[in-house]
Amino acid sequence: MAEELETERNDVREDGRRPPRAVVGSTRVEEEMFGKVFDGKVVRRIWNFVSPYKSKVYLAVGAVLVFTGTQLVIPLIIRYAIDNGMTPGNVDHSALMWAGIAFAIAILINFAASFVQENTVGQVAENVLFDIRRSMFGHLQKVSLSFMDKTEVGRLMSRLQGDVNSMQEFLETSVLSIGDIVLLFGIVFVMLWLDFRLGLLTLSVLPILFIVRIFWLPRARKAFMRAHETNSLTNGALAEGIHGVRAVQSMDRQQVNFQLFDDKAHQNLKTHLIASRYAQVMVPIVDTLTGMAMAVVVVVGGSMVLNNSLDVGVMVAFLFYIQRFFDPIRSLTMQYSVMQRAMASGQRLTEVLDVDLDITDKPDAKVLSPQMDGSVEFQNVTFGYNPGQPVLKDVNFKVNPGETVALVGPTGSGKSSAMALVHRFYDVQEGRVLVGGHDVRDLTQESLGHQVAMVLQEPFLFTGTVFENIRYQKRDATLDDVIEAAKAVGAHDFIMDLAEGYDTELGERGGNLSLGQRQLISFARALVADAKILVLDEATANIDSYTEMLIQKALIRLLEGRTGLVIAHRLATIRGADRIIVLQNGQLIETGNHDQLMAQGGLYSKLYNLNYASFDDIPDDALEAAAQGNYAT
Amino acid sequence: MSSDAISSAAKRNNSFAHVEAAGWGRGLSTLLRITRMCLRHSFQVSVAIGATIVAAVLQLTIPVLLGTAVDQTQVVLEGGNAGAAAESALWLTAMSLLFVSIFRGVFTLLQNYFGESVGHHIGYELRLACYEKIQRQSFSFHDSIHSGDLITTGMLDIEGVRMYFSTALIRVVLLAILIGVGAYLLISTDVVLGLLALSFVPFVAWRSSVTQLRLRATWLELQNRLSVLTRVMEENLGGIRVVRAFAAQAYEMTKFDVASKRALTLAYERVGIRVRNTSAMTFSFFAAMGLVLWVGGNKVIAEEISVGTLASFLTFMTILQMPVRQLGMMVNSFARASTCGSRLFSLLDLDIQVKDAPDAQKLEVTEGTLRFDNVDFAYPNAPERPALKHISFEGRKGETIGIVGPPGSGKSTIAHLIPRFYDTTGGSITIDGQDISKATLASLRQAVAVVQQDSFLFTTTIENNIAYGDPWAKEHRIERASEFAQLHNYVLGLPSQYGTVVGERGVSLSGGQRQRLSIARTLMLRPAVMVFDDSTAAIDAATEQRIRSAMKRFAKDRVTIIVAHRLSSLMHADQILFVEDGEIVERGTHEELLAKGGRYKALYDLQIRPGDDMLEDTTEQANKEAED
């Protein structure tokens, strides 16, 4: 063994070879960035969000058209002023004055249109962004937990943020690109109208740009995506280095990691330089084409002016248009990528918005009254997360008002599922779950939630003060109520030791408290909720014995005067219960109080006799032996 | 790797040194420091600046040439000598226009490319410097700083500094030439018209700078508000079971709406700021253009200037428009680079507290004896509150030392001092008589390995994770370590076995599995001192028992330190230290401590025999039955 684990630890070999196994960060980027250019389903879906602002959108489109119109008109006014006002031999002061007035009107309209357009587009896009996000968030509040169970929070967050943002970008640019298209066609039209031959000649450079861009675009986009990818990979490696710094240092990997990070960062540098080359190569091409167009106007248009077949003002107007007409092409090709990105995002958004709502209130759902008796009953309940694989099979039991029942059984016996059913996190496949004598499916989920308080194994606290956390459900609870509850569960003392007592802001997920302390606060939270029924999943590991003692005391206080359904791990808790229900493989196999069950000599007594402080500590083999013994009897 | 690649790697590492060398000018402003960093890339900087100047000058000749062309067409009407001469003059102007455009394009390419390249290079250097600093920075630093802030600095702040050269410095040169030379050209042609043509510049420059700075301020505020919204959403989704359990969806929706509305209001405001500004800028530009047309038109009529001159004034204005409007962005770039830079540099300049002493020696492990001699310690953020007081003990090769105590008693702190995650404030820790503060960190951390409480997994295969500290390891050693940690069978059940990717983006492991993996990777290190820092809490007692018996042979060759709150994890230790309030209050073997009847005994009773004593009879009876 000693020899086997012995090795030289030489991180980077003299020849510069990197260790074959060493990596930093991950090597692939997860999501598709671009989708189809156009996806009817997605567009319809987005339109649903835009349509409440329909009139604003029409206003914006109108303003864009007016705005584009004024941009087209200004060179024409200049042309008019030159040709009708100041051509030698044809001087006309009034023409110049009219031109001045027209110019003033044009720019006033331009001012107004530009204001209306940008303001409306900006506001609508922001509104739609927030609406989509709200609708997704609201939907996620209602979708069944089975969806939430298998979906990572991070993934949903990137839907709610990144994808929603790319929709916003799409909306903003798509109205503007209507302007671009109109401007492009407008310029073409005006140039041809002013002088068909010269217009045609000048415009002949346009197709060249189109062709160049068609060849350029796929390559350039690949380069941009590579750059984007290496960037997120490098940042991922950095983030890993930050989160895992303690592990890195304790295994002394800094040197190797630095080299590997260098490789990544250098790769990122390279791809960015390549992307930059692709982006910049278009500059001289566009400039050359602009130069060509200007040269055409100067030579051809100039000779025409010389021959008196063209007014000099038209030539000036042409020169103005030329400087503008590459802009719309550039922004339109950019819009193409924006659209593809938006379609990919839209696709993902639609997936979330389309998740079915399995569990909804019936139209005639009743409100569970606080005066109900507080009983819980399972009648022939069969339930599985995947139909065909039941985790609870034909389970029957009743918890009487005020009684505390401990659910006991090995891992996978169905305890947690039973608890989730009381709260209707899932719907049963067969049988019924009754709370206060009503089928939970006939009650409103909200009123059910108010009468059934839950304490989960992992205490989850929210950012905010201790006070706000404790009165999470009862928003109108006073500080006195909260303090009373905290005192009852023994949390008051440590809360007062915090920097600002009940006003102390908790860190992310209560990070500045120990697990045991968070547990106690979650007890206080359940106590303030003051529900008739308490469902509790006892924490298993990770709590030190001192806090454990506090928790045991708190538990007794918490269950006073309530119907309690406790998934119990600790023997102390189990023995304190009025009745014990033993589950195994989804079936209820024993029920009774401690003494009865011990006398019965079944699974419970066998497990108990193994003499572990917690059933979870029981080794698998011993558990198996006990379980088999049970079948034998 | 070819020799070429090695030399390029060597060069790259040198370029990282630039960051160090460029620094330390504490009194000088951050911007100067960034500028100096840029200037290290002297070739690229000079090409970029040279190209900017040439491109700007070429751009200014375009209106002049256009004006000439227009005038050339007018010659005939005035002088009357139409024909070949006029035509060839037009050809000459056209060709000049074409070539000027081509060269302008080429030089703009050079300007942009090399400008960005300088940025990418310093971005690369800063990234490395940042990574290196963060990796080497001591635990106390990481305790005190939020990891999210570090990530922001490493990503966004570097971005802000990177953009400085191309969006701030180069733009200054460009604008100076366009406005300076342009104004000279215009005013020398016609003073009144020139001043009119330039009249929009101060207004637009002022508006755009003010607006950009306001947008920046509101942007920062918007980010704050959005991060509140993010937190609301993240917590809601993460704690969805709690939300459902308390039927708090409506309340959560209100929370969301409040946060969302706050962000939306500001977003609206920002749209307003932006829009008012763009429209006003465009208007002032066009108004100036109208004036030039009006006044210029009259001058043409009065034959003071030619139509061509008027046309060139107007085109000149269109050329100047964009860069002037972007002046605000330039101002913004300066502001951004300076705040980002100062944050970044304060990270890079920060001293590392735990580092090799100047005369550090390589640690030579001979006997493998670990000794704490009167060790005192206080965390840097609470120096007045000692975390450990007069800790002394000794562990020899083959011995196991258990450390137990109430939460916050300092038991984990003891574990963290051995590999020098923190430095002691008094007393000394020695390994084979060598003070660990005099040993090189690398050699010390090869001799001491800690299985930490929180087992961070890297996003890579299980194999790579186990071999993390020894990436050259042979496969069979990895499997061996995994067997010892009782992980092997589980891994074999996975679809890709040792090739299964775990960590943030891979298969998620349970707490116990993570801890087992963490034990396996620490076993790979073959340390002289192996420390388990409460690292089996999530592993069930039976598996832990198996790990312990597998480890027995392994433990023979080293000192093993076990910090735990579950007594069954450390009852078998050769020596158990009971720590309370930073002091060792009881020490001895399990039996000795039980016999003593002190705190250890109390804890033992609490854990092994919970609840009341009334049921003792039943338990005895049950034990008898079990024996039968």
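Residues numbered from 1 in each chain as written. Chains lettered and ligands numbered in written order. Predicted model: local features only at pLDDT ≥ 70, side-chain atom pairs only at ≥ 80, totals over all residues. Heavy atoms only, no water.

Caption draft 1: Broad picture of the overall build of chain A. Helix and strand content of chain A: 23 helices and 12 strands. Here chain A holds 633 residues, and the buried ones make up 58% of them. Here the analysis covers contacts within chain A between residues at least 6 apart in sequence; of these, 76% occur between residues at least 24 apart. Looking at chain A as shown, the accessible area adds up to about 25800 Å², and 56% of this sits on carbon and sulfur atoms. (Helix = DSSP H or I, 4+ residues; strand = E, 2+ residues; numbered from the N terminus. Buried < 20%, exposed > 50% of the residue type's maximum accessible area, 1.4 Å probe, protein only. Contact = heavy atoms within 4.5 Å. Areas by Shrake-Rupley, 256 points an atom, 1.4 Å probe, with all protein chains shown as cover.)

Caption draft 2: Inspection of the nonpolar core at higher detail. Among the nonpolar cores identified, the biggest contains 100 residues, and I78 of chain A together with V292 of chain B are the most heavily contacted of them. Looking at this core, the element that brings in the most residues is helix 10 (residues 254-306) of chain A, giving 12 residues. F49, V395, I567 and L583 of chain A belong to the second-largest nonpolar core, a separate cluster that totals 88 residues. (Core = buried A, V, L, I, M, F, W, Y, C linked by side-chain atoms within 4.5 Å.)

Caption draft 3: Main features of the UniProt feature "transmembrane region" (unreviewed entry) in chain A. Residues and elements named next belong to chain A. Residues annotated by UniProt as "transmembrane region" (unreviewed entry) correspond here to residues 57-82, 94-113, 175-194, 200-216 and 305-322. Secondary structure content for residues 94-113 is 100% helix and 0% strand, while the C-alpha to C-alpha distance between its ends is 28 Å. Note that residues 305-322 is 72% helix and 0% strand, and that its end C-alpha atoms are spaced 18 Å apart. (UniProt positions renumbered as here; feature names shortened; annotations may be inferred.)

Caption draft 4: Region of the structure containing the packing of aromatic side chains. Under the criterion given, the structure shown has 21 aromatic pairs over all chains. For the pair W216 of chain A and F224 of chain A, a centre-to-centre distance of 6.4 Å together with 75 degrees between the ring planes defines the contact as edge-to-face. Look at F203 of chain B and W206 of chain B: their rings are 6.2 Å apart centre to centre, the planes differ by 55 degrees, and that puts the pair in the tilted class. Here F203 of chain B and its partner W206 of chain B are both found in helix 8 (residues 200-238), three residues apart, which amounts to about one turn of the helix. On the accessibility criterion, F203 of chain B (32% relative accessible area) is partly exposed. Given a relative accessible area of 51%, W206 of chain B falls into the exposed group. (Phe/Tyr/Trp six-rings, centres within 6.5 Å; stacked < 30°, edge-to-face > 60°.)

Caption draft 5: Structural view of a negative patch on the surface. A cluster of acidic residues, D476, D480, D481 and E484 of chain A, forms a negative patch on the protein surface. On the basis of relative accessibility, which here comes to 36%, the residue D481 of chain A falls in the partly exposed class. (Patch = residues over 30% accessible without salt bridge, like charges linked within 9 Å, V, L, I, M, F, W, Y side chains within 5 Å. Salt bridge = Lys/Arg side-chain N within 4 Å of Asp/Glu carboxyl O. Lys, Arg positive; Asp, Glu negative; His and termini not counted. Charge placed at Lys NZ, Arg CZ, Asp CG, Glu CD.)

Caption draft 6: Region of interest: the side chain of D432 of chain B. Residue and element names in this part refer to chain B. For D432, the position within the fold is in the loop between strand 4 (426-431) and strand 5 (434-435). Comment: no salt bridge for buried D432; closest opposite-charge side chain is R396, at 7.6 Å. A distance of 2.8 Å separates the side chain of D432 from the backbone nitrogen of G368, its partner in a polar contact. (Polar contact = N/O pair within 3.5 Å; in protein donor to acceptor, adjacent residues only side chain to side chain.)

Caption draft 7: Geometry of the confidence of the model for chain B. Residues and elements named next belong to chain B. With 89% of its residues at a pLDDT of 70 or more, chain B has an overall mean of 79. The weakest mean pLDDT in chain B belongs to helix 22 (residues 616-627) at 38; the strongest belongs to helix 4 (residues 84-136) at 89. In the predicted structure, residues 1-27 sits below a pLDDT of 50 and forms 35 contacts with residues beyond four places in sequence or in another chain. Here residues 610-628 scores under 50 on pLDDT; set against residues more than four positions off or in separate chains, the count is 15 contacts. (pLDDT = per-residue confidence, 0-100.)

Caption draft 8: Local environment of the pairing of strand 1 (residues 370-377) of chain B. All names here are of chain B. Examined bridge by bridge, strand 1 and strand 2 (residues 388-395) share five bridges and lie antiparallel to one another. From the neighbouring strand, F377 faces strand 2, where its bridge partner is L388. With five bridges joining them, strand 1 and strand 4 adopt antiparallel strand pairing. Paired with R371 across the two strands is T430, which belongs to strand 4. (Pairing = 2+ DSSP bridges.)

Caption draft 9: Highlighting the environment of E125 of chain B. Relative to the helices and strands, E125 of chain B resides in helix 4. Considering only alpha carbons, one finds E125 of chain B and M37 of chain B, 88 residues apart in sequence, at a separation of 9.5 Å.

Caption draft 10: Main features of the interface of chain A and chain B. Facing 166 residues of chain A, the contacting portion of chain B comprises 168 residues. In total, chain A and chain B occlude about 15800 Å² of area from one another, counting both sides; carbon and sulfur atoms represent 65% of this. Linking chain A with chain B are two salt bridges, by the criterion used here. Salt-bridge contacts for D287 of chain A lead to R104 of chain B; the nearest nitrogen and oxygen are separated by 2.9 Å. On inspection of chain A and its partner chain B, the count reaches 21 residue pairs in polar contact (both at pLDDT 80 or more). If you tally residues by element for the side of chain A that touches chain B, the top one is helix 10 of chain A, at 31 residues. (Buried area = accessible area lost by both parts, 1.4 Å probe.)

Caption draft 11: Inspection of the sheet that holds strand 8 (residues 559-563) of chain B at higher detail. Residues and elements named next belong to chain B. Read from one edge to the other, the open sheet built from six strands follows the order 6-7-8-3-9-10, with strand pairing classed as mixed. Edge positions in the open sheet fall to strand 6 (448-451) and strand 10 (583-588), since each of these has one partner strand only. Strand-to-strand twist of the sheet, defined as the mean angle between neighbouring strand axes without regard to direction, takes the value 20 degrees. Examined bridge by bridge, strand 6 and strand 7 (residues 529-533) share four bridges and lie parallel to one another. When the bridges of strand 7 are listed, V448 appears paired with V529. With respect to the sheet, helix 18 (residues 511-523) is in contact with strand 6 and strand 7, its orientation differing from that of strand 6 by roughly 175 degrees. (Axes fitted to C-alpha atoms, helices over the stretch in contact; angles between N-to-C directions.)

Caption draft 12: Here's a closer look at helix 6 (residues 153-194) of chain A. The terminal C-alpha atoms of helix 6 of chain A, which comprises 42 residues, lie 60 Å apart, in line with the 62 Å expected from a rise of 1.5 Å per residue. At R159 of chain A, helix 6 of chain A shows its strongest bend, of approximately 30 degrees. (Expected span 1.5 Å × (residues − 1). Bend = angle between axes of the 7 residues up to and from the residue.)

Caption draft 13: Spotlight on the sheet that holds strand 12 (residues 587-592) of chain A. Residue and element names in this part refer to chain A. Ordered in space as 6-9-10-3-11-12, the six strands form an open sheet in which the pairing is mixed. Because the sheet does not close on itself, it has two edges, and the strands there are strand 6 (452-455) and strand 12. The sheet shows a mean angle of 20 degrees between the axes of neighbouring strands, taken without regard to direction. Where strand 9 (residues 533-537) lies against strand 10 (residues 563-567), five bridges are found, and the strand directions are parallel. Residue pairing across strands places L536 opposite V566, the latter belonging to strand 10. Of the strands in this sheet, strand 3 (404-408), strand 6, strand 9, strand 10 and strand 11 (579-584) are in contact with helix 13 (residues 415-422), which crosses strand 9 at around 150 degrees. Contacts between helix 18 (residues 515-529) and the sheet are confined to strand 6 and strand 9, with strand 6 contributing the most and set at about 180 degrees to the helix.

Caption draft 14: Structural detail: a nonpolar patch on the surface. Taken together, V66, Y80, M97, W98, I101, I105 and I109 of chain A together with W294 of chain B make up a surface patch of nonpolar side chains, about 730 Å² in accessible area. No other element matches the five residues that helix 4 (residues 93-142) of chain A contributes to the nonpolar patch. Residue Y80 of chain A is classed as partly exposed on the basis of its relative accessible area of 33%.

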